[in-house]
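This is what each chain is made of:
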Amino acid sequence: MKELFSGIDKDGNEIEVSLESIKGKRTVLYFYPKDNTSGCTQEACDFRDSINRLTSKAVVIGVSPDSVASHKKFKEKQDLNFMLLSDPEHKLAEKFEVWKEKSMYGRKYMGIERSTFVLDKDGNIEKEWRKVKVKGHVDEVLGYLG
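**Q** Would you mind showing me how to read unusual backbone geometry here?
**A** Trans peptide bonds make up most of the peptide bonds, and negative phi angles are found at most residues other than glycine. Phi at Asn 36 is positive, roughly 60°, even though this residue is not glycine. With respect to the helices and strands, the residue Asn 36 is situated in the loop between strand S3 (27-31) and helix H1 (38-49). Judged by relative accessible area, which is 38%, Asn 36 ranks as partly exposed. Positive phi is not limited to glycine here, since Tyr 105 has a value of about 55°. Checked against the element boundaries, Tyr 105 lands in the loop between strand S6 (99-104) and strand S7 (107-112). For Tyr 105, a relative accessible area of 83% gives the class exposed.

About the criteria used
- Residues numbered from 1 in each chain as written.
- Predicted model: local features only at pLDDT ≥ 70, side-chain atom pairs only at ≥ 80, totals over all residues.
- Heavy atoms only, no water.
- Helix = DSSP H or I, 4+ residues; strand = E, 2+ residues; numbered from the N terminus.
- Buried < 20%, exposed > 50% of the residue type's maximum accessible area, 1.4 Å probe, protein only.

Taken by themselves, the reported measurements are silent on function.
Take a look at the structure:
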């Protein structure tokens, strides 16, 4: 059985997507911790601002544990022009091994390790970036895609 993930498409419509359904397209799948936080907003806006250069090479999909409703608000507020998937049970994050123990101010908790993957047309990981630093990251992805 294919795992379905709920999300918001580039036009703001609620959708269900499986990894199987994106095969046939090169895909930039990026994981981020939380909608409407400074680093995540900057990263999303960097992808938004580069979408014309990106979509000629790959489909862009952002993934976080936030709800579809949260994604919808985030998408509208930031005028995002690509798909966001909701992964509240961390199934996709665990599949890509980005659901990790983190630490802040000495407190340990589980969360998303900011990461980006380029999937080839067969859905295989072609390139990965882990522990992504937001500044300059989208340019790095564009440089890789050629």
